[in-house]
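# Fold and contact review
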Amino acid sequence: MDHKSTKIKYYSSVNTQEIEWLWYPYIPYGRITVIQGDPGEGKTTFVLQITARLSTGQLLPECNKALPPQNAIYQSTEDGIADTVKPRLINAAADCDRIAFIDDTTYPLTLDDERLEHAIKECQARLLVLDPLQAFISANSDMHRANEMRPLMNKLAGIAERTRCAIIIIGHMNKTIGTKGLYRSLGSIDITAAARSVLMIGRLKDDPSIRVMTHLKSNLAPEGRSIAFEMIPEGGFHWIGYYDVTTDDLLTGNTQQDDSKLLQARTLLKEVLSEKPMLCADAYALCKKYNIGERTADSAKRLENIKSIKMPDGWYWKFEVDIL
């Protein structure tokens with residue numbers, strides 16, 4: 001080995017750089033985020049909602065500041081572009097002039113495809129979504145082999161870092177029972193190892209219309225609180241907000257609530273919020289005094305038609321009175 005070719009650098013010469021966030025602390029710019037869950041749990045709907053909000057500059061759930069409208073690339077192979085993806089974007093009030101896709105009819109895209117970086121630069125995209133992961137693995141690669149997936153994921157991570165684009169990979173989960181969420185990912189563990197953030201989406205056993213996103217892994221910030229959304233029949237969607245359900249709760253199906261506590265929470269919140277709105281943090285603190293958990297408080301909030309509203313000093317809960 002020619003040691004004269006070895007380059008040594010000292011950390012004192014490196015300029016530090018802050019992490020930018022598309023959605024703190026869940027989705028960083030310039031890094032890979034994996035969103036996983038069983039089929040039919042709402043992963044694609046969830047990500048399309050995020051993409052739509054990014055395209056129009058809408059506030060993301062539980063955020064205090066909205067980003068300016070930004071461009072995105074949404075690459076899907078499981079759903080039809082004309083009959084599924086675009087209608088869902090329209091329903092989510094997206095600006096479709098800001099959301100592109102790569103025409104891969106000639107030959108399919110792969111994780112190490114040069115067209116990914118070219119498209120990001122051409123569109124000035126701040127978000128790239130690959131849905132689902134296994135569709136972008138070439139026939140010559142085995143997603144269960146670490147020595148084959150590691151270089152692919154490293155190359156994709158390099159694209160994210162060079163372009164400062166957030167890359168979201170949507171993936172299914174394996175059927176292994178009794179293991180941690182990270183080990184339920186489909187394919188080699190090197191896939192989630194390359195991601196700086198890993199999120200999981202699952203549904204509540206006692207109320208399947210409610211889906212919850214939990215934070216399995218976070219290398220760049222403290223893990224975020226779980227966030228719930230409701231998938232209403234006939235294509236409806238509603239953000240619920242913070243929800244007191246863990247990854248283990250979703251994996252084990254232990255999401256049922258104490259009916260007596262739920263009734264107590266509904267009565268308490270309706271009585272207090274009928275007078276005036278209350279800061280979200282104060283509402284949770286009030287419930288805690290009565291030994292009411294956050295998940296039960298969130299369920300009571302939804303059942304009593306209590307809305308989250310943004311005010312100059314933070315997020316408030318406000319009781320909405322139905323007008324007949």
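This section reports on the structure supplied with the text. (Residues numbered from 1 in each chain as written. Predicted model: local features only at pLDDT ≥ 70, side-chain atom pairs only at ≥ 80, totals over all residues. Heavy atoms only, no water.)

## Some thoughts on the environment of D113
Take D113: it is sitting in the loop between β5 (99–100) and α3 (114–123). Between the C-alpha atoms of D113 and L133, which are 20 residues apart in sequence, the distance is 14 Å. Looking at D113, its side chain comes within polar contact range of the side chain of R115, at 2.7 Å. (Helix = DSSP H or I, 4+ residues; strand = E, 2+ residues; numbered from the N terminus. Polar contact = N/O pair within 3.5 Å; in protein donor to acceptor, adjacent residues only side chain to side chain.)

## Side note on the sheet that holds strand β13 (residues 306–311)
Overall, antiparallel pairing links the three strands, which are arranged β12-β14-β13 in an open sheet. With partners counted over all chains shown, the strands left at the sheet margins are β12 (278–279) and β13, one partner each. The sheet contact formed by β13 and strand β14 (residues 314–319) spans six bridges and is antiparallel. The residue of β14 that forms the bridge with I306 is F319. (Pairing = 2+ DSSP bridges.)

## Let's talk about unusual backbone geometry
In this chain, Y24 is followed by P25 through a cis amide linkage whose omega measures -5°. Along the chain, P25 falls in the loop between β1 (21–23) and β2 (27–28). Residues D131 and P132 are joined by a peptide bond in cis, for which omega reads -5°. For P132, the location among the structural elements is in the loop between β6 (125–131) and α4 (146–163).

## Looking at the pattern of salt bridges
Scanning the model with the defined rule gives eleven salt bridges in all. Between R145 and D142 there is a salt bridge, with the nearest N and O atoms lying 3.6 Å from each other. Assessed through its relative accessible area of 46%, R145 is described here as partly exposed. Given the relative accessible area of 29%, D142 is considered partly exposed. Measuring nitrogen to oxygen at the nearest pair gives 2.7 Å for the salt bridge that ties R150 to D190. Residue R150 is found in helix α4, and its partner D190 is found in helix α5 (residues 189–194); the two are separated by 40 residues along the sequence. Assessed through its relative accessible area of 40%, R150 is described here as partly exposed. (Salt bridge = Lys/Arg side-chain N within 4 Å of Asp/Glu carboxyl O. Buried < 20%, exposed > 50% of the residue type's maximum accessible area, 1.4 Å probe, protein only.)

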